[in-house]
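# Structural features, examined
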Amino acid sequence: MHVLLAGAHGQVGQHAARLLGESDHDARGMVRDEGQASEVEALGIDPVVADLTREDEVREAVEGCDAAVFAAGSGGDDVWGVDRDGAVNLVDACEDAGADRFVMLSAIGADTPEAGPDALEEYLEAKSEADDYLRESDLTYTVVRPGELTNEPGTGRVRTGADLDATSGDIPRPDVAAVLVETLGAEATHGETFELLSGEVPIAEAVADPFGE
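Quick caveat: nothing in here was measured; it's all calculated off a predicted structure.

### Things to note about the sheet that holds strand 11 (residues 201–202)
Spatial strand order, 3-2-1-4-5-6-10-8-11: 9 strands in an open sheet with mixed pairing. Unpaired on one side and paired on the other, strand 3 (46–49) and strand 11 mark the two borders of the sheet. Pairing of strand 2 (residues 26–31) with strand 3 involves 4 bridges; the strand directions are parallel. Its bridge partner lying in strand 3, V31 is registered against V49. Helix 5 (residues 121–135) rests against strand 4 (67–70), strand 5 (101–105), strand 6 (140–146) and strand 10 (192–198) of the sheet, and its axis sits at about 155° to strand 6.

### Regarding the side chain of T189
Structurally, the position occupied by T189 is in the loop between helix 6 (173–184) and strand 10. Its relative accessible area of 0% is what places T189 among the buried residues. Once residues lying within four places of it in the same chain are set aside, the contact partners of T189 are R101, Y141, T142, T183, F194, V207 and P210.

### Notes on the packing of helix 4 (residues 79–97) against helix 5
Two elements in contact, helix 4 and helix 5, have axes whose closest approach is 8 Å; the angle formed by their N-to-C orientations is 10°. When the interaxial angle is binned, helix 4 and helix 5 end up roughly parallel. Contact with helix 4, carried on its side by V79, W80, D83, R84, A87, V88, V91 and D92, involves E122, Y123, E125, A126, K127, E129, A130, Y133 and L134 of helix 5 and no other residues of that element. Its residues assigned to classes, the contact of helix 4 with helix 5 shows 10 nonpolar, no polar and 7 charged.

### Examining helix 5
In a regular helix each residue adds 1.5 Å, so 15 residues correspond to 21 Å; helix 5 covers 21 Å between its end C-alpha atoms and thus fits that length. Among the residues of helix 5, those classed as buried are L124, A126, K127, S128, A130, D131 and L134. Contacts made by the buried residues of helix 5 are with strand 4, helix 4, strand 5 and strand 6.

Conventions used here
- Every chain begins its residue count from 1, and numbering advances along the sequence as written.
- Selection of residues for local features in this predicted model requires a pLDDT of at least 70, selection of side-chain atom pairs for listing and counting requires 80 or more, and totals for whole chains, interfaces and linings are taken over all residues.
- As a convention, hydrogens and water are excluded, and side-chain values are obtained from all of the structure's heavy atoms.
- Strands are treated as partners if at least two bridges between them are detected by DSSP.
- Note on conventions: DSSP H or I runs of at least 4 residues are helices, E runs of at least 2 residues are strands, and numbering of each starts at the N terminus.
- Should any heavy atoms of two residues lie within 4.5 Å, those residues are considered in contact.
- The angle between two axes is taken between their N-to-C directions and runs from 0 to 180 degrees, where each axis is a line fitted to C-alpha atoms and a helix contributes only its stretch in contact.
- Only protein chains enter the area calculation, which uses a 1.4 Å probe; residues under 20% of their type maximum are buried, those over 50% are exposed, and those in between are partly exposed.
- Reported orientations rely on four angle classes, namely roughly parallel under 35 degrees, roughly antiparallel over 145, roughly perpendicular from 65 to 115, and oblique for the rest.
- Any residue outside Ala, Val, Leu, Ile, Met, Phe, Trp, Tyr, Cys, Pro, Asp, Glu, Lys and Arg is labelled polar, Gly included; the first ten of those are nonpolar and the last four are charged.
- Any helix carries an expected span of 1.5 Å times its number of residues minus one.

Here it is in structure tokens:
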């Protein structure tokens, strides 16, 4: 697939960019600042400078792609403008461009923001609205909802499901990135939302059967 990775310079995005560069996919990485382009290129994918909050720039970035991975995040600085509206802009651009496949990086707890920590409530609300917008679109979507992210080395083994206990674990960012990339080609995840924590199942096996059926 020809894949657009939004948030290619982010903490998860850089791991995903490297994996996409090593894969059979033809990928480009969206960055907001020109100064980040060379770092993304060094990870093995083509950089494209575009601001997720600008619809025209997002449409240009996705032109010619047939898939997108949304791994961008505001870091709490602009949850409505980036985490929600930026995702909405990318969904709209993909629909217009015919980029049918869309993988969304979300978060455990996005369905019940009020039950999460107060500091994360707005972020989870923004993610929830973005997820809902994607799920109501005509795209072939997957929503991936990891628990607490860490900077530990990836293990290559995860736990997936529909209703995991967010307090029972966490997950390294490299493993989240690997799941996003693996999910791109996994038909079992089409039209699905699954949660993600560290576990014992190899990533390819977990993504091929995310609900253990």
